[in-house]
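Listed here are the chains, written in short residue letters.
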Amino acid sequence: MTLAFIAFFAALALVFAILVVTLRQPMRSALALVAHMVSLAGIYAALGVDVVALFQVLIYVGAVMVFMVYTIMLLDDRDTSYRTPYSRLALPGLVVSVLVAATLLRLLLPAEEAHALGGAPGQASSFAFATFSVAFMRHYWLHFELATVLLLAGIIAAWAVIREHK
Amino acid sequence: MDRLALLPALPLLGFLVNGLFGARLPRAVVSLVACTLPAAAFVLVCLLFLDLRASGAPITAELWTWAATAGFRLDFALYFDPLAAVMCLVITGIGTLIHVYSIGYMRDDPGYARYFAYLNLFLFFMLLLALGRNLVVLFFGWEGVGLASYLLIGFWFEDRAKTAASLKAFVVNRVGDTAFLLAAFLIQATAGTLDFASVNGFFATTPPAAGTATLIALLLLLGACGKSAQIPLHVWLPDAMAGPTPVSALIHAATMVTAGVYLLSRMHVVFEAAPDAMLVVAWLGGITAFVGATMGVTAWNLKKVLAYSTMSQIGLMFMACGLGAFSVGMFHLTTHAFFKACLFLGAGAVLHALHGEEDMRRMGGLARRLPFTFAAFLAAALALCGLPPLAGFFSKDEILWMAWAAPQGSPFLWLLGAATSLLTAFYVFRAVFLTFFGRSRIDAAHAQHLHDPPPSMSVVLGVLAFGSVVGGFLAMPAAWRELLGVGAPFYAFLEPVLGQPTTRPDVPHAAEWWLMLVAVVLALLGIAAAWRRYGAQAPAEADLFRPGSGARALVARGYYFDAVYAAVVRLVDGVSRTVLDAAERTFAAGSIDAPADGARAASRWFGRLQTGSVQAYLIYALVGLVAVLGWGAVRG
Amino acid sequence: MTDTYSLLVALAAVLFAVGLLGVMARRNLLAVVMSLEVMVNAVVLAFVAGAWHTRTLDGAAMTFFIYVAVTCEIALAMALLVLLARRRGSLDLAAIEELKG
């Protein structure tokens, strides 16, 4: 059953990803991207990794994509990139991405015998919110603090880039 | 022996001091260093000479092993035997005198220190040449004196003609050196050693095939011709007069040009094993003597007359060697060193007084103005003519006697020598009369302050003139010895090395007196002829400057030797240039231009990859990434 | 390869390639940035699949930090895009050739 859900959401994610790449107008691409991210969140939820599914929707869709939509609304100029959405390198790019996909599949897919941790997929309980948070804070508290510093730096950098120089 | 090793080191030290620091030292210090070191060397030679006479055994000094492989061993070793002793006495003795002379002669020259450095360098190499115990050390000195000669001929290097002359000397010498090297290779191949004692022993006991010995001897002869300015390699000597006159006296009269005679004497066993080659040596010497004398008759430059005279006299020395009379050749070398150096230095005094005028047609009447110089010059000239009892008489007469009486001698060879004597007397007294007698034809500009040279120069002239007068008594010819009941210390001294010359048994001893008489008469005839032509009535100036015709022109142009050589050089140059151009076109175009053009085209093609588009660069990066990952994936 | 893990990893690889295609082939800068997001999402998916498969926490924790990084990146990317659009008047990548040669 779970597998059916996962397969469904996976197919959706793939379709929307292709739409992101192929739609002509950036606004439509952005909406396709939102749908793509929600599909991924669905996969995570079906897997039982609630924490990440939550983060995906809250942070990624809720903050990042909204911000992108604002920017697109600001900058949506109808310039030449609308009439000719693809650069001259589309074909070589296609070839290269196929090659990349093939190489990655070859490298990443485990061999049939290498089922070190076979058996049933992971229990949902280890990814429940409470246990996850406690374990997270126990092991990654330093990274967490550094991440906040990074965010601060990001804010300052963004402001520094955008301000007018007198 | 330490003293022997010290001997060449002394002038080398002088070269280093004056060469490195001379420009910064005061003139007095430079002169002191430059002259006392050769003088000390002379004293050293005298001491070694006394040791040699006392012990009778040659003194050796093995300095170090230069090369040692299987079957070949080369030591840097010095060897002081009677032959080397004679050479070293001449080199250091006359060398020191000329150094002293140069103090006065080169007083006003800005390159003073450099001059003395080169002169000391020359002494160093010449001593190595004379003292070498094997062919390689000799060759080291041989080449070195060639270098010193080049440096000194072209001493006033701002003058293009002078540097051309120095280059000519060096290149012509090179031809001789090549022959020398070939001879050395052959000797190594046949005798297995280059050490003189061993080589001479080998050729004495087990001489190789006659053909090989003759070839070796002829190659050595060619090498000697290069150094001693004999035909066909004589063309550099007249041009070498471009250097300062003391240089001409030392290098091109007394020492370097006599190196050929020394070589022949050193390798005398090799020559004695090849009688055909000895014949060639004798006739070559005779012909050179005659040709040189004819060229001396037509030359107008005082120094060039003396140069041709040197060439001619060395021809006589070669003739003596070719006839087996090596010690006689060495004796003439010694006497010649005295009177030729005296002649050159006298000419130098004349040049010094006339501020550089060398053309005899613009001299005249100097006997009254330069009396001391005239006296010395006259004494040396008489010695050169071979008038008794001056030194030249005894040495030259012995050679002429050998030409008549030696086993390979012949009346024709004697005739060459006699004719040479006649011409010698003629041209040298032609020079005397033109320079010192008659009305003065000197340019007003050069006629200022005509005076005898300063003491540093005139003392040397006096010493050399004295040697020219009395030196002959060291080795009087056999007839005189019998008459007076005295020995010949010179020949006796050299006998252990060079043996005694032999004469044909069928020639009567009395012939020697007749030949001597004829020689003296010829000399007097020559002087008389010169007096008639150039002395009695002053020759008309117009006659002097008229260019000669016919035979006179032929001789004046050096029998066209220079023209022929120049044509040969041009031919070779043309051929090599053609070959080089063809090679360059095919080779360079194919193997150098093609890759260069290819590289340029490739770089232009690669340059087109940089389109400025970030996406393109990303594709490049990913292609590389895929390649790497794919390779890893394929290999598993 | 019918098990979930393989499917998820394969999906991550394919999504990554799709995003890569968008980065290389689109002319509009905004589209390029969005394709970049697709690539990041693919990476997150890979992490999650790994965490789920091995039943460890670390993969999930990593995703948290990836979100932080992406947030900063987007903030700055958008700022730069605004500046670029202000300066050149268009967001067309093909027109920017200053790196040429």
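This report concerns the structure included in the present document. As a convention, each chain's residues are numbered from 1 in the sequence order in which they are written. Whichever chain is written first is A, and whichever ligand is written first is 1; the rest continue in order. For this predicted model, a pLDDT threshold of at least 70 governs which residues receive local features, and a threshold of 80 or more governs which side-chain atom pairs are given and counted, while totals over whole chains, interfaces and linings are taken from all residues. The side-chain values count all of the structure's non-hydrogen atoms but skip hydrogen atoms and water molecules.

## With respect to the overall build of chain C
Stage number 1. Only runs of H or I of at least four residues qualify as helices and only runs of E of at least two qualify as strands under DSSP, and these elements are numbered from the N terminus. When you go through chain C residue by residue, the secondary structure sums to three helices and zero strands.
Stage number 2. Put simply, chain C has 101 residues, and 65% of those count as buried.
Stage number 3. A contact between two residues is defined here by any heavy atoms of the two lying within 4.5 Å. At a minimum sequence separation of 6, the contacts of chain C that also span at least 24 residues come to 55%.
Stage number 4. Reported accessibility uses the Shrake-Rupley method at a 1.4 Å probe radius. Residues are deemed covered only where the shown protein chains occlude them. When the accessible surface of chain C is summed, it comes to about 3500 Å², and 66% of that surface belongs to carbon and sulfur atoms. Note on exposure labels: buried denotes an accessible area under 20% of the residue type's maximum, exposed denotes more than 50%, and partly exposed covers the range between, all computed with a 1.4 Å probe on protein chains only.

## Regarding the side chain of B:Gln230
Residue and element names in this part refer to chain B.
Stage number 1. Along the chain, Gln230 turns up in the loop between helix H8 (210-228) and helix H9 (236-239).
Stage number 2. Among the polar contacts made by the side chain of Gln230, one reaches the main-chain carbonyl oxygen of Met311 at a distance of 3.3 Å.
Stage number 3. Not counting the four nearest positions on each side in its chain, Gln230 is found in contact with Cys225, Gly285, Thr288, Met311, Ile314, Gly315 and Phe318. Here a polar contact is recorded for every N or O atom pair within 3.5 Å, except that within protein the pair must consist of a potential hydrogen donor and a potential acceptor, and residues adjacent in sequence are included only if both atoms are side-chain atoms.

## Describing unusual backbone geometry
Stage number 1. B:Pro232 follows B:Ile231 through a cis peptide bond whose omega is 0°.
Stage number 2. Tracing the sequence through the fold places B:Pro232 in the loop between H8 and H9.
Stage number 3. Positive phi, close to 55°, is recorded for B:Ala229, a residue that is not glycine.
Stage number 4. Relative to the assigned elements, B:Ala229 resides in the loop between H8 and H9.
Stage number 5. Phi angles above zero are rare outside glycine, and C:Arg55 is one such case at about 60°.
Stage number 6. Here C:Arg55 is to be found in the loop between helix H2 (29-54) and helix H3 (58-88).

## Structural notes on the packing of H8(B) against helix H11 (residues 259-266) of chain B
All names here are of chain B.
Stage number 1. Lines fitted to C-alpha atoms define the axes here, with helix axes fitted over just the stretch in contact, and angles between the N-to-C directions of these axes take values from 0 to 180 degrees. Their axes nearest at 7 Å, the elements H8 and H11 cross at an angle of 155°. Considering their axes alone, H8 and H11 lie roughly antiparallel with respect to each other. Packed against H8, whose contacting residues are Leu220, Ala224, Lys227 and Ser228, the element H11 presents Ala259, Gly260, Val261, Leu263 and Leu264 at the interface.
Stage number 2. Polar here means any residue outside two lists: the nonpolar Ala, Val, Leu, Ile, Met, Phe, Trp, Tyr, Cys and Pro, and the charged Asp, Glu, Lys and Arg; Gly therefore counts as polar. The residue inventory of the contact of H8 with H11, partitioned by class, reads six nonpolar, two polar and one charged. Throughout, the term roughly parallel applies to angles under 35 degrees, roughly antiparallel to angles over 145, roughly perpendicular to angles from 65 to 115, and oblique to all others.

## Comments concerning the interface of chain B and chain C
Stage number 1. Across the boundary between the two partners, chain B contributes nine residues, which contact twelve residues of chain C.
Stage number 2. Surface buried jointly by chain B and chain C totals about 840 Å² across both partners, of which 63% is contributed by carbon and sulfur atoms.
Stage number 3. Two parts placed together each lose some accessible area; with a 1.4 Å probe, that loss summed over both constitutes the buried area. On the chain B side of the interface with chain C, the three residues burying the most area are B:Gln610, B:Gly612 and B:Gln615, jointly 49% of the side's total.
Stage number 4. Any Lys or Arg side-chain nitrogen found within 4 Å of a carboxyl oxygen on Asp or Glu counts as a salt bridge. For the interface between chain B and chain C, the tally reads zero salt bridges.
Stage number 5. For the pair chain B and chain C, the interface holds two residue pairs in polar contact (both at pLDDT 80 or more).

## Comments concerning helix H15 (residues 326-353) of chain B
All names here are of chain B.
Stage number 1. With 28 residues, H15 extends 40 Å from end C-alpha to end C-alpha; this agrees with the ideal 40 Å at 1.5 Å per step.
Stage number 2. Along H15, the helix axis deviates most sharply at His336, where the bend reaches about 30°.
Stage number 3. Summarising burial for H15: 27 of the 28 residues are buried, a large majority.
Stage number 4. Phi turns positive one or two residues past the end of H15, at His355, with a value near 55°. For a helix, the expected span equals 1.5 Å multiplied by the residue count minus one. One axis fitted to the seven residues ending at a residue, another fitted to the seven starting there: the angle between these axes is the bend at that residue.

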